[in-house]
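Examination of the molecular architecture
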Amino acid sequence: MPLATAAAIRAQRQRWTSLDPLLGAPPPPADTAGGTVLACDGGYAVATIHDNHPASFQATWSGRREHRLQAWVEHPAALDELLAAWKRQLADGARCRPGGDSQDTRVVIEWPTRDLAMDPVFIAHDLVPAAVLAIRQGTRTTERARSVAPTRVRTLVRSDVDTAAALWLEEIRWDARFGMVTERPSTAANIRSALAVAAITPDPWTWVAEQEGQVIALAAASAPGAGKPLKALVGSATPVYLNCLSVAAPARRRGIGTATLHALHDAVEAAGAGAIVALHYLTANPLAQSFWRAHGYRSLTTLWIAKGLTRKCPPWLSRPGGGFA
Ligand SMILES: CC(C)(COP(=O)(O)OP(=O)(O)OC[C@H]1O[C@@H](n2cnc3c(N)ncnc32)[C@H](O)[C@@H]1OP(=O)(O)O)[C@@H](O)C(=O)NCCC(=O)NCCS
């Protein structure tokens, strides 16, 4: 590894761990096969392309094609140079591919939320903070549900699957209006099969809330250890990941979301001290930010994406000659 690369990795590790005790040290560049290495004075990056099959569940939260950059930098100027090089590379690549990346493509870079010195660089490169990875570490919130009617929260059973699937789809349609989520022809079937599996699992980590026998809310999580380890988290811990929290629209703002979430928090606490719950929410979702903050969640990383990429190619990606105005 060139000395300059090692210095960038070291500098970034020091900066990130001093900014946020929950952040893991940025992993060193792993296998760069299939990726493109970009380097500059004080910086090193690997650009990769990820294609999602449209029928995969992942395609609901992603583009058909996703361009990602993993970067290690000593200072903002290095990030600036790497982003400019990445965009030139994307523009060249798009021109070389017939039909190229013009549809359903997303350009993403995930960065610690507290590394504020880099925000102006992302913004100058037309990237927007579209989503955050939020986490909550093991503390009980004092706020309890204030529901207007008696609410029973219990684990999912087979007869709930259809109603629970409709609630999850409602959440996806809600998020879709903010541009980062896409309801695919396969989305409903993928939701249904995930819930059908959960419903026959002894400890499903999936709860529903009911009032007067009607299911009106869903919280669907992965069991501790069942999700993917989050590279961004300290020690690559495997958190409980909350895939969906959804309350039927007419039942919102009556404490039902809180009551349903508390079932998850109680289970996390029973599973062991220090357990972490993680989730993604869209920064444009007006129902999300204050709700999650009130329940002890805070942002760990931000997903910066290129504007408009969920539907169409951004101008700098399609413009002959690349670059950006
Ligand atoms: C986000 C969501 C799950 C919250 O569910 P909810 O049942 O409305 O949640 P609660 O009623 O417990 O709390 C919501 C708000 O109502 C307030 N509230 C709770 N009980 C209340 C009551 N009896 N009277 C008035 N307000 C009340 C809470 O203080 C909270 O205020 P805040 O948003 O300003 O913090 C729900 O809005 C939803 O399903 N949204 C669409 C899908 C979505 O965005 N999911 C999250 C994706 S990350």
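Below: a short report on this structure. Values in this document were obtained by computation on a predicted structure and should not be read as measured data.

Some points on the environment of Val 277
Mapping Val 277 onto the fold places it in strand β10 (residues 276-282). Taking the relative accessible area as the measure of exposure, Val 277 reaches 0% and is therefore buried. Residues Val 277 and Leu 242 lie 35 residues apart in sequence; the distance between their C-alpha atoms is 7.0 Å. If sequence neighbours within four positions are ignored, Val 277 has contacts with Ala 134, Ile 135, Arg 136, Val 240, Leu 264, Val 268 and Tyr 297.

Quick look at the packing of aromatic side chains
Evaluated as defined, the whole model comprises 10 aromatic pairs. Ring centres of Phe 122 and Trp 304 lie 4.8 Å apart, and the angle between their planes is 20 degrees; this geometry places the pair in the stacked category. Of the two residues, Phe 122 sits in helix α3 (residues 119-124) while Trp 304 sits in strand β11 (residues 298-306), which places them 182 residues apart along the sequence. On the basis of relative accessibility, which here comes to 4%, the residue Trp 304 falls in the buried class. Consider the rings of Trp 205 and Trp 207, whose centres lie 5.9 Å apart with planes at 80 degrees: the pair is edge-to-face. For the pair formed by Trp 205 and Trp 207, the shared burial category is buried. Of the aromatic side chains, those joined through ring pairs into one cluster are Trp 16, Trp 111, Phe 122 and Trp 304.

The rules we used
- Residues numbered from 1 in each chain as written.
- Predicted model: local features only at pLDDT ≥ 70, side-chain atom pairs only at ≥ 80, totals over all residues.
- Heavy atoms only, no water.
- Helix = DSSP H or I, 4+ residues; strand = E, 2+ residues; numbered from the N terminus.
- Buried < 20%, exposed > 50% of the residue type's maximum accessible area, 1.4 Å probe, protein only.
- Contact = heavy atoms within 4.5 Å.
- Phe/Tyr/Trp six-rings, centres within 6.5 Å; stacked < 30°, edge-to-face > 60°.

None of this, on its own, says anything about what the molecule does.
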